[in-house]
Amino acid sequence: MRLYMSSLITSEFLHPGFSLMATEATITPHMALPWKHCIHLTLLLIQLSFPAVGASCRILRCNSDFVAATLNLGSGSGAAGMSAGAAAFSRGTVNVGYCSALRTYALCTRRMARACRGDLAYHSAVQGIEDLLIQHRCPRAGPTTQPRTLPQGTLSGDACFFEKGFFTREGRTPEYLHCSVFGDPHIRTFNNDFHTCAVQGSWPLIDNEYLYIQATSSPMRGRTYATVLTKITIIFKNWRQCIDQQLYQAEIDNIPAAFADGSVWSGERQGHHSLRVKTQSPGRHAEIHAAHIGTLLVVRQSGRSLSLSLRSPRSIVGAFSPEQDLQLCVWGCPASQRLTTPQPPPTSSPTPAASAHAHCAALLPAQDVYYQACVFDLIATGDLNTSLSAVGALQDAQSMISDMHRVHLLPVAFAYLTPSPPPLLLLLSMLGTLISA
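Here the structure is a predicted model, which is why all the values come from computation and not from measurement. Sequence order sets the numbering: in each chain, residues are counted from 1 along the sequence as written. Local features are withheld for residues below a pLDDT of 70 in this predicted model, meaning they are given only at 70 or higher, and side-chain atom pairs are given and counted only at 80 or more; totals for whole chains, interfaces and linings count all residues. Hydrogen atoms and water are omitted, and side-chain values are computed over all heavy atoms in the structure.

(A) Fine view of the state of the cysteines. Cysteine sulfur pairs qualify as disulfides if the two atoms are within 2.5 Å. Across all of its chains, the model carries six disulfides by this definition. Bridging Cys62 to Cys108, the disulfide has an S-S length of 2.0 Å. Negative torsions about the S-S bond denote left-handed disulfides, and the value of about -75° found for Cys62 with Cys108 makes this one left-handed. Of this pair, Cys62 sits in helix 3 (residues 59–70) while Cys108 sits in helix 4 (residues 84–111), placing them 46 residues apart in sequence. By relative accessible area, which is 2% here, Cys62 ends up buried. Helix and strand definitions here come from DSSP, where helices need a minimum of 4 consecutive H or I residues and strands a minimum of 2 consecutive E residues; each element is numbered from the N-terminal end. Relative accessible area decides the class of each residue, using a 1.4 Å probe on protein chains only: under 20% of the type maximum gives buried, over 50% gives exposed, and in between gives partly exposed.

(B) Helix 11 (residues 387–400), seen in detail. With 14 residues, helix 11 should reach 20 Å at 1.5 Å per residue; the first-to-last C-alpha distance of 21 Å fits that figure. Counting buried positions along helix 11 gives ten out of 14 residues, so the element sits mostly inside the fold. For helix 11, the full list of buried residues reads Ser387, Ser389, Ala390, Val391, Gly392, Ala393, Leu394, Asp396, Ala397 and Met400. Residues of helix 11 that are buried sit in contact with strand 1 (176–182), strand 2 (186–188), strand 11 (295–302), strand 12 (305–313), helix 9 (353–363) and helix 10 (369–381). Multiplying 1.5 Å by the helix residue count minus one yields the expected span of that helix. Here, residues are in contact when the closest pair of their heavy atoms is within 4.5 Å.

(C) Inspection of the packing of aromatic side chains at higher detail. Centres within 6.5 Å make a pair out of two Phe, Tyr or Trp rings, where for Trp the six-membered ring is used; the pair is then stacked when the planes are under 30 degrees apart, edge-to-face when over 60, and tilted otherwise. By the definition in use, this model includes nine aromatic pairs. With a centroid separation of 6.2 Å and 90° between ring planes, the pair formed by Phe236 and Phe259 is classed as edge-to-face. Within this pair, whereas Phe236 is found in strand 6 (residues 227–236), its partner Phe259 is found in the loop between strand 7 (246–251) and strand 8 (265–269), the two being separated by 23 residues in sequence. Two thresholds decide whether a charge sits over a ring: the Lys NZ or Arg CZ must be within 6 Å of the ring centre and within 35 degrees of the ring normal. Over the ring of Phe161 we find Lys164; its NZ or CZ atom is 5.7 Å from the centre of that ring.

(D) Structural detail: the sheet that holds strand 11. Here a strand pair is declared whenever DSSP counts at least two bridges between the two strands. In spatial order, the strands read 3-2-1-12-11-10-9-8; together these eight strands make up an open sheet with antiparallel pairing. The open sheet is flanked by strand 3 (194–196) and strand 8, the only strands paired with a single partner. Ignoring strand direction, the axes of neighbouring strands in this sheet form an average angle of 10°. Against the sheet, helix 11 contacts strand 1, strand 2, strand 11 and strand 12, and its axis sits at roughly 160° relative to strand 11. Every angle, taken between N-to-C directions, lies between 0 and 180 degrees, and every axis is a line fitted to C-alpha atoms, over only the stretch in contact when it is a helix.

(E) Looking closely at unusual backbone geometry. With a phi angle near 55°, Arg137 is a residue other than glycine that sits in the positive phi range. Following the sequence through the fold, Arg137 ends up in the loop between helix 5 (120–135) and helix 6 (162–170). Residue classification places Arg137 among the exposed residues on the basis of a relative accessible area of 77%. For Asn192, which is not glycine, the phi torsion reads 65° and is therefore positive. As for its placement among the helices and strands, Asn192 is situated in the loop between strand 2 and strand 3.

(F) Local environment of the pattern of salt bridges. One side-chain nitrogen of Lys or Arg within 4 Å of one carboxyl oxygen of Asp or Glu is enough to make a salt bridge. Taken as a whole and judged by the stated rule, the model has six salt bridges. Here Asp207 and Lys237 are joined by a salt bridge, their closest N and O atoms 3.6 Å apart. In this pair, Asp207 sits in strand 4 (residues 201–207) while Lys237 sits in the loop between strand 6 and strand 7, placing the two residues 30 residues apart along the sequence. Side by side, Asp207 and Lys237 carry an identical accessibility label, which is buried.

(G) Seen up close, the sheet that holds strand 7. Strands sit in the order 4-5-6-7 across an open sheet of four strands; the sheet is antiparallel. Two strands bound the open sheet, and with one partner strand each, they are strand 4 and strand 7. With direction set aside, neighbouring strand axes in the sheet form an average angle of 20°. As paired elements, strand 4 and strand 5 (residues 211–219) share six bridges and run antiparallel to each other. The residue bridging Asp207 from the neighbouring strand is Tyr212, located in strand 5.

This is the structure we're talking about:
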């Protein structure tokens with residue numbers, strides 16, 4: 001259906017002499033050019049706004065800029081009263097402006113080529129531009145239109161400072177949501193679900209209009225079944241005039257207090273920065289403040305594992321399309337990757353259960369999901385340092401969640417590793433439990 005609509009729109013888009021109504025057949029192509037192409041581009045704009053256009057493919061932005069650039073090039077009204085010379089001059093002026101807008105449109109699509117690869121709407125737009133350049137005899141080289149600037153009122157005041165702007169509009173502070181991922185790996189979602197996941201490789205934690213976060217989980221060195229977070233990638237997407245796209249990456253033993261380009265801040269406005277990075281422990285801790293979206297992120301290293309905690313407003317968290325349907329912070333681990341057997345840890349694991357419980361009880365104030373995660377990781381790895389990831393995650397939750405009653409989640413059905421087929425370690429553990437009984 002989308003391909004059929006695209007062909008209809010493009011075919012009409014490529015024939016400026018085609019009349020939408022029989023009564024308009026007397027209008028010449030040159031007189032109708034700006035008005036008619038705005039109509040066709042508006043139709044194309046509607047098509048490009050369909051959910052199938054990926055969130056990372058910003059062809060809609062290129063298209064809307066082109067519509068704005070051609071909107072005021074002229075129309076057929078009043079042309080009947082012009083002299084032949086004046087009409088020819090007007091047509092020439094319109095065509096020069098139109099060609100400039102087309103070249104700008106083509107340049108914008110070239111910049112989007114990588115993000116829009118494989119997108120039908122993008123390729124339809126590229127083909128339409130190519131045909132129009134030929135049809136209107138536009139030189140490939142030549143001037144382009146100036147980028148459209150947003151009205152000053154749009155970005156005045158606190159537009160790049162989410163919390164202040166929200167309070168000005170709503171008269172209250174925004175509702176914040178919290179997510180964390182840590183340990184082997186455990187995830188506390190924005191909805192306060194808690195999962196332990198049997199995931200390896202790279203998975204998106206967040207993928208919305210403003211932010212993309214990816215976590216990479218790898219087998220722990222020397223342990224067959226334990227996995228840990230080894231890399232975290234954060235992309236702050238280009239937004240208005242507040243920030244340009246920024247990349248942050250952290251790996252084991254390398255948690256930089258700077259973005260990938262070496263900068264420690266981005267997006268200066270009114271003497272403040274929309275993005276900034278700071279650290280309390282160089283190489284092992286980083287805090288990223290994203291004022292333009294009211295979001296705080298904390299990256300830590302505990303032992304040989306990374307962790308990530310964040311706090312973000314509900315409206316930012318919910319700004320995603322149906323295609324962005326894999327976000328571990330929103331929906332948790334996929335059902336096939338969740339560890340679902342709520343059994344106590346086997347007594348023959350590398351660290352005895354009693355010792356693990358005693359160690360985690362000394363570090364954590366309550367037998368909540370953080371305590372259970374601590375016990376799980378300690379038994380799975382035998383490394384006392386892994387227990388610190390649960391401690392750090394709890395500290396972040398305490399600082400990021402304003403309601404202290406919501407910090408400690410009680411374990412409804414805590415997960416322990418039950419892969420299929422069962423590994424030899426688990427079989428031996430079960431046998432040991434039966435014999436001791």
